[in-house]
Amino acid sequence: MHLGVSESMRECEYSQISTRSSTPMETPYKKRTPKRRKWESFPGRNKFYCNGRIMMAKQTGVFYLTLVLILVTCGLFFTFDCPFLAKQLTPIIPVIGGVLFLFVLGTLLRTSFSDPGVLPRASSDEAADLERQIDVANGSTGYRPPPRTKEVVINGQTVKLKYCFTCKIFRPPRASHCSLCDNCVERFDHHCPWVGNCVGRRNYRFFYMFILSLSFLTIFIFSFVITHIILLSHRRGFLEALKDTPASVLEVVVCFFSIWSIVGLSGFHTYLISSNQTTNEDIKGSWSSKRGKDNYNPYSHGNIFTNCCAALCGPLPPSLIDRRGFIQSDMPQLAPPTNGISMYGATQSQQSHMAAATPLLQQQSSEPVILMASPENGGALPGRTSLILGGPCTSLPLGLPTPPTSTPSLSCHEATDMLPMHGHSHTHNHSHPLQDPVAHHHFLTPEEVPSPPGMLPCGSPMGHSHTMQAGFYNPASQDSLHEDSVRGLVKLSSV
Amino acid sequence: MATEFHNLQELRHSASLANKVFIQRDYSEGTTCRFQTKFPSELESRIERTLFEDTVKTLNNYYAEAEKIGGQSYLEGCLACTTAYLIFLCMETRYEKVLKKIAKYIQEQNEKIFAPRGLLVTDPIERGMRVIEISIYEDRGSSGSSSGSSSVSGSTAR
């Protein structure tokens, strides 16, 4: 099966290469082999754009709705209300509106497009090692044992770490597996369809700033549109005023419904941030005192100020999945040789590296919190829940504490222009392939290293050139440093 | 059975991957990045306990430095926010700087300490910060070791 998979993978790779790369596949023995980026073989259900710079969930329809709402409402505001207000009151109004609008859009895109903190799946060796340890602990049985958990004491509280059958790891505390994206996400907050992405460790602050700024924006637009109508109706009467500015009516309606949901959501998340909880934990009541007298949140820093600062201004970890790195099939595997071909699976290297791409813009959601029990792909792990903030078409929460935003309302989203993508300078740096001479290929000759039977050869067979970028930190250089070390140990053969 | 690799030249001609040891994360202090300093039994014949523990402890310190919440990180965060994160086009985050230091440290350790003992430490960032992977290389000329055979049975359990 594995060789069959490898063949089909190779074929996929070949066909991709033929359209993208100029390197013809008739010369498979050349050092210059076609390079595939890791995002192309990413195991989760994510969509990637701009050659791996942008990462979103699979369903993005609601995100476009959000964008349209923001753009349309703001567009109407700037076109129909601002000229009047600038003349009658002060020209600062459009300026502030513009700044708010840009900020909202920036944070929205940042939340939507960045990696929320996806944990890469375990390499096959790691998974095998874990399995072995679990078998030793359980006593091997012929069928799958019950869900595996590990207990750990964090700051005096006992926390259960669950084993993820899809990702084959024990999830770190506060991580959760998103069934929609099919990824484990660190400090998983919820999956937001309005943002088109999960909200996790790496984009939570952008999400929060988005809903906060959107609250201000909707209140701003709402109040000034009302002002506009009132000022007009002083002159001409109320109905005449409405006829003059029909757009304002639409804006008022959109903003009115949005304010309830978005302001409420901002308040809820402000509470979460100040107590250092995730939406997931709050919904489940993990740290609620109702569970027990001694139940407290072990992650809280003690006071509100520190919690807020840590959540919003703390260090931003880099992405662990290195979407724009090149796949390298150079990791030696622990398996007996099945044939003479040195075929090295790239699943390890797939999950390696942090991306040098800086997080992009972000977005918000404003819908009731829904708790759904979703079975995992790889196995029956009962009780796994994924948290989804649903739109108007989703059902109401199951009696769990929710923010006062339970009216499914359309959020008032305005947007005019997109902020440029950030962080490209980072990602560009490791996209310069350097074709290394033969000696730099760090894979072993067939007789030295057994080829793994079960590897998915995401990388191309035989040699892989990798990017070597000296002096600039990027995942590729990580690999090259590692590679240099391996070279020191292992004979490099020329192909 | 202890294989002695006196220099990299010997390794070059005779090393083959025998086993991999995974040092798991230590979550007892929360979600910050720490690795367990427990000495794995497979390395007992390979490297001194103190050397191993020093390496892991230094790595833990580096990660703690990267994730430290203090004046500098707040400053960086606020500055980034006010510039709409455009500042990161020109500047590296502190975390990334520390990760570079870690990569350099691991390479040094590999060259000086681990490679002469037939071991190779993989940077945790390449494994999604889940584990420190230590590869154990065997002299091909030596007879099969117990660690070699156990690795085979382990990996075929997939």
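Please read these numbers as outputs of a predicted model, since none were measured by experiment.

### A word on the overall build of chain B
So, point 1. Looking only at helices and strands, chain B features five helices and three strands.
So, point 2. Listed by position from the N terminus, the elements making up chain B come as α-β-α-α-α-β-β-α.
So, point 3. Long-range contacts, defined here as pairs at least 24 residues apart, represent 61% of the contacts in chain B between residues at least 6 apart.
So, point 4. A total accessible area of about 6800 Å² is found for chain B, and carbon and sulfur atoms account for 53% of it.

### Let's talk about the overall build of chain A
So, point 1. When helices and strands are counted, chain A shows 12 helices and 12 strands.
So, point 2. Of all 495 residues assigned to chain A, the portion counted as buried reaches 60%.
So, point 3. The long-range fraction of contacts in chain A, counting pairs at least 24 apart against all pairs at least 6 apart in sequence, stands at 76%.

### A closer look at the pairing of strand 5 (residues 157-164) of chain A
All names here are of chain A.
So, point 1. Where strand 4 (residues 149-154) meets strand 5, six bridges bridge the pair, whose relative direction is antiparallel. Of the residues in strand 5, the one forming a bridge with Glu151 is Lys160.
So, point 2. Counting the residues between successive antiparallel strands, the hairpin from strand 4 to strand 5 contains two residues, one of them, Asn155, with a positive phi of roughly 50 degrees.
So, point 3. Alignment of strand 5 against strand 6 (residues 169-170), held across two bridges, turns out to be antiparallel. Bridging across to strand 6, Cys164 finds its partner in Ile169.

### A few points about the packing of helix 7 (residues 246-275) of chain A against helix 9 (residues 304-313) of chain A
Residues and elements named next belong to chain A.
So, point 1. One way to put it is that helix 7 packs onto helix 9 with a least axis distance of 6 Å and a crossing angle of 105 degrees. Considering the angle they form, helix 7 stands roughly perpendicular to helix 9. Residues Ile273, Ser274 and Ser275 of helix 7 touch helix 9, and the partners they reach there are Ile304, Asn307, Cys308, Ala311 and Leu312.
So, point 2. Among the residues forming the contact of helix 7 with helix 9, the class breakdown is five nonpolar, three polar and no charged.

### A closer look at the UniProt feature "transmembrane region" (unreviewed entry) in chain A
Residues and elements named next belong to chain A.
So, point 1. Here, UniProt's "transmembrane region" (unreviewed entry) annotation points to residues 62-80, 92-113, 206-230 and 250-274.
So, point 2. Summarising residues 92-113: 100% helix, 0% strand, and an end-to-end C-alpha distance of 31 Å.
So, point 3. Structurally, residues 206-230 comprises 100% helix and 0% strand, and the distance from its first C-alpha atom to its last is 35 Å.

### Re unusual backbone geometry
A negative phi holds for most residues other than glycine; trans holds for most peptide bonds.
Residues and elements named next belong to chain A.
So, point 1. In this model, Asn155 sits at a positive phi of 50 degrees, which is unusual for a non-glycine residue.
So, point 2. Unusually for a residue other than glycine, Asp322 sits at a positive phi of about 45 degrees.
So, point 3. For Asp322, the position within the fold is in the loop between helix 9 and helix 10 (347-350).
So, point 4. Assessed through its relative accessible area of 0%, Asp322 is described here as buried.

### Brief notes about the packing of aromatic side chains
So, point 1. Here the structure, examined in full by the defined rule, presents 18 aromatic pairs over all chains.
So, point 2. When the centroid spacing of 6.1 Å and the interplanar angle of 70 degrees are considered together, the rings of Phe77 of chain A and Phe220 of chain A count as edge-to-face. Of this pair, Phe77 of chain A sits in helix 2 (residues 61-88) while Phe220 of chain A sits in helix 5 (residues 204-236); the two residues are 143 residues apart in sequence, bridging distant segments of the chain.
So, point 3. Taking the relative accessible area as the measure of exposure, Phe77 of chain A reaches 1% and is therefore buried.
So, point 4. Of the residues examined, Phe220 of chain A reaches a relative accessible area of 10% and is grouped as buried.
So, point 5. A ring pair is formed by Phe35 of chain B and Tyr63 of chain B, whose centres lie 5.9 Å apart and whose planes are at 55 degrees; its orientation type is tilted. With Phe35 of chain B in the loop between strand 1 (15-24) and helix 2 (49-66) and Tyr63 of chain B in helix 2, this residue pair connects regions lying 28 residues apart in the sequence.
So, point 6. Among the residues examined, Phe35 of chain B registers a relative accessible area of 0% and is labelled buried.
So, point 7. Classification of Tyr63 of chain B by relative accessible area gives buried; the value is 0%.
So, point 8. Cluster of aromatic residues (ring-pair linked, three or more members): Phe77, Phe78, Phe101, Phe220 and Phe224 of chain A.

### Digging into the pattern of salt bridges
So, point 1. If you walk through the whole model with that rule in mind, you get 22 salt bridges over all chains.
So, point 2. The residue Arg36 of chain A makes a salt bridge to Glu40 of chain A at a minimum N-O spacing of 3.7 Å. One exposure class covers both Arg36 of chain A and Glu40 of chain A, and it is buried.
So, point 3. A salt bridge links Arg34 of chain B to Glu29 of chain B; its shortest N-O distance comes to 4.0 Å.
So, point 4. Within the structure, one salt-bridge network assembled from shared partners comprises Asp125 of chain A together with Lys20, Arg127 and Glu133 of chain B.

### Section: the side chain of Glu138 of chain B
Residue and element names in this part refer to chain B.
So, point 1. If you trace the backbone, Glu138 turns up in strand 3 (residues 131-139).
So, point 2. By relative accessible area, Glu138 is classed as buried at 6%.
So, point 3. Here Arg46 takes part through its side chain, which lies 2.7 Å from a polar atom of the side chain of Glu138.

### A short note on the nonpolar core
So, point 1. Residues Ile70, Phe77, Phe207 and Ile221 of chain A are the most contacted members of the largest nonpolar core, which totals 44 residues.
So, point 2. A total of 13 residues in this core trace back to one element, the largest contributor, which is helix 5 of chain A.
So, point 3. Ranked by size, the runner-up nonpolar core spans 36 residues in total, among them Leu119 of chain A together with Val56, Tyr63 and Ile132 of chain B.

What counts, and where the lines are drawn
Starting from 1, residues in each chain are numbered consecutively following that chain's sequence as written. Labels follow written order: the first chain is A, the first ligand is 1, and so on. Confidence filtering applies because this is a predicted model: local features only for residues at pLDDT of at least 70, side-chain atom pairs given and counted only at 80 or more, and all residues used for totals across whole chains, interfaces and linings. For the side-chain quantities, the full set of heavy atoms in the structure was used; hydrogens and water were omitted. Here a strand is any run of E in DSSP of at least two residues, a helix any run of H or I of at least four, and the numbering for each starts at the N terminus. Residue contacts are defined here by distance: any two heavy atoms, one from each residue, within 4.5 Å place the two residues in contact. Working definition of accessibility: Shrake-Rupley area with a 1.4 Å probe, residue cover restricted to the visible protein chains. Relative accessibility decides the category of a residue: with a 1.4 Å probe and only protein chains considered, values under 20% of the type maximum give buried, values over 50% give exposed, and everything between is partly exposed. We call two strands paired when DSSP finds no fewer than two bridges between them. Interaxial angle, 0 to 180 degrees, is taken between N-to-C directions of lines fitted to C-alpha atoms, where a helix line uses only the stretch in contact. An angle below 35 degrees is read as roughly parallel, one above 145 as roughly antiparallel, one from 65 to 115 as roughly perpendicular, and any other as oblique. Ten residue types, Ala, Val, Leu, Ile, Met, Phe, Trp, Tyr, Cys and Pro, are classed as nonpolar, four, Asp, Glu, Lys and Arg, as charged, and the remainder, Gly among them, as polar. UniProt positions are given in the numbering used here, feature names are shortened, and annotations may be inferred rather than shown by experiment. Any two rings among Phe, Tyr and Trp, with Trp reduced to its six-membered ring, count as a pair given centres within 6.5 Å; such a pair is stacked if its planes are under 30 degrees apart, edge-to-face if over 60, and tilted if neither. Should a side-chain nitrogen of Lys or Arg be within 4 Å of a carboxyl oxygen of Asp or Glu, the pair is scored as a salt bridge. In the analysis that follows, any N or O atom pair within 3.5 Å is treated as a polar contact, provided that within protein one partner can donate a hydrogen and the other can accept it, and provided that, for residues neighboring in sequence, both atoms belong to side chains. By convention a nonpolar core is built from buried Ala, Val, Leu, Ile, Met, Phe, Trp, Tyr and Cys residues, the set being connected through side-chain atoms within 4.5 Å.

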